[in-house]
Amino acid sequence: MKNIGGQAVIEGVMMKSPKGWSVAVRCPDGDISLKTVELKKPHPFFKLPVIRGVVGLFQALTIGVKAIEFSGSVAYKEEVKSDSKFGIIISIVIAFFLAIGLFKFLPLFFTTVIGEAVPEVLSNSLLFNFIDGMLRVGIFLLYVFSIGLWKEMRRIYEYHGAEHKVIYAYEAGEELTLENVNKYKPYHPRCGTSFLLIVMVISILVFLSIPKEWSFAEKLLSRIILIPVIAGVSYEALRFSAKVKNNALMRALISPGLLLQRLTVREPDNSQIEVAVAALKEVLKLDMPGDDGLKEVCRQC
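In what follows, the accompanying structure is described. None of the values given here were measured: they were computed from a predicted structure.

1. A short note on the overall build of the chain
Helices and strands together make up the secondary structure of the chain, namely eleven helices and five strands. Burial status across the chain gives 41% buried among its 301 residues. A fraction of 69% describes how many contacts in the chain between residues 6 or more apart in sequence connect residues 24 or more apart. Total accessible area computed for the chain in this model is approximately 16000 Å², and 66% of it derives from carbon and sulfur atoms.

Rendered as structure tokens:
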């Protein structure tokens, strides 16, 4: 059984396997549009623990942007253009700086302000990073809750639930029928939402290595430089938690991540589950004999 991941997009779902990714999108006329892309086999070095997490992060960003671009062109009936590497790079750069501003600069800034008022905060690395981490979690929760009020985003949250339910059914070895898929809950331990929570917890521990005497600029820069390290370690922690999810202690540890998913996941309807099933079946075809020459296939409405 292949390790399958996914992502909700505009009126659709993207599913990714080790061999490639497929995105299925519900067209305005009710049909399902599909796009499948085969990935190059990675060098063994990029499969090493921690390293694979860093590679996976940047790969997820790139594929995510491509999948969203395709889904938008289908859902809004725009002309489909060939992939623009420049456009993808710009989108990733904008997302990166937005994330830095919200989840690095603001928490560090407010924690520094608190430290100026309460000197004990600046003199205690554990306390400083704990407050910084809690502020980061608070900003993240506020951000997720706020965008969830947007009608279009609620639809994406429903497709997010469809993605989880279908992957659960697949991992259980079930036939991908509506009846079987609907038996499963829309919360999955390997969800990206849970991953972000793990990132925030691990970052508190990693940032303890940053000298408290450093200036605000040095602390901010070090937090940015350490992003790959935190991403790699967090990825391994997420993989491990998924493997031993039935352990009582591990269930307790991953429960906050599953609880957090209630902000980013909604129960899908059958039509949304059908789209997620179509995406998964399409990506699984990459492992079938006779598909060795596949590079990219796009079937639109």
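After that view of the structure, there is still more to cover.
2. Quick look at the pattern of salt bridges
Side chains that carry opposite charge are capable of pairing whenever their charged atoms lie near each other. Applying the stated criterion across every chain yields a total of ten salt bridges. Note that R155 is salt-bridged to E11, the shortest N-O span being 2.8 Å. Of this pair, R155 sits in helix 5 (residues 151-171) while E11 sits in the loop between strand 1 (5-9) and strand 2 (12-17), and the two are 144 residues apart along the sequence. For R155, a relative accessible area of 29% corresponds to the partly exposed category. On the accessibility criterion, E11 (21% relative accessible area) is partly exposed. With a shortest N-O distance of 2.8 Å, R52 and E236 are connected by a salt bridge. Remark: E236 occurs in helix 9 (residues 227-243) and R52 occurs in helix 1 (residues 51-75); sequence separation between them is 184 residues. Given the relative accessible area of 23%, R52 is considered partly exposed. With relative accessibility at 19%, the residue E236 sits in the buried group. It is possible to trace a salt-bridge network through shared partners that takes in E11, R155 and E158.

3. Things to note about empty space enclosed by the protein
Per the stated rule, a full pass over the model turns up one cavity of 30 Å³ or more. Of the pockets and cavities examined, the largest cavity occupies roughly 50 Å³. Along its surface, the largest cavity is lined by S125, F128, N129, F207, I210, P211, K212, K219 and R223. Elements that contribute at least two residues to the lining of the largest cavity include exactly helix 4 (125-148) and helix 8 (216-225). With three residues, helix 4 is the largest single contributor of residues to the lining of the largest cavity. A breakdown of the residues in the lining of the largest cavity according to their chemical character gives four nonpolar, two polar and three charged.

4. What about helix 7 (residues 192-206)?
The terminal C-alpha atoms of helix 7, which comprises 15 residues, lie 20 Å apart, in line with the 21 Å expected from a rise of 1.5 Å per residue. The complete set of buried residues in helix 7 reads T193, S194, F195, L197, I198, M200, I202, S203, I204 and V206.

5. Points about a nonpolar patch on the surface
Among the surface-exposed residues, F45, F46, L48 and V55 lie close enough to one another that they form a single nonpolar patch of about 320 Å² accessible area. Along the chain, the position of F45 falls in the loop between strand 4 (32-38) and helix 1. Overall, F45 belongs to the partly exposed group, its relative accessible area being 41%.

6. Quick notes on the pairing of strand 4
In terms of burial, strand 4 is a largely internal element, five of the seven residues being buried. Summarising the sheet, strand 3 (residues 20-26) and strand 4 pair through seven bridges and their orientation is antiparallel. From the neighbouring strand, S22 faces strand 4, where its bridge partner is T36. Between strand 3 and the antiparallel strand that follows it, strand 4, lie five residues; G30 among them carries a positive phi value of about 100°.

The rules behind these values
Residues numbered from 1 in each chain as written. Predicted model: local features only at pLDDT ≥ 70, side-chain atom pairs only at ≥ 80, totals over all residues. Heavy atoms only, no water. Helix = DSSP H or I, 4+ residues; strand = E, 2+ residues; numbered from the N terminus. Buried < 20%, exposed > 50% of the residue type's maximum accessible area, 1.4 Å probe, protein only. Contact = heavy atoms within 4.5 Å. Areas by Shrake-Rupley, 256 points an atom, 1.4 Å probe, with all protein chains shown as cover. Salt bridge = Lys/Arg side-chain N within 4 Å of Asp/Glu carboxyl O. 1 Å grid on protein atoms, 1.4 Å probe; cavity = no way out; pocket = protein on both sides within 12 Å on 5 of 7 lines; lining within 4 Å. Points joined across faces, edges and corners; volume = space filled by probe spheres on them. Nonpolar A, V, L, I, M, F, W, Y, C, P; charged D, E, K, R; others polar. Expected span 1.5 Å × (residues − 1). Patch = residues over 30% accessible without salt bridge, like charges linked within 9 Å, V, L, I, M, F, W, Y side chains within 5 Å. Pairing = 2+ DSSP bridges.

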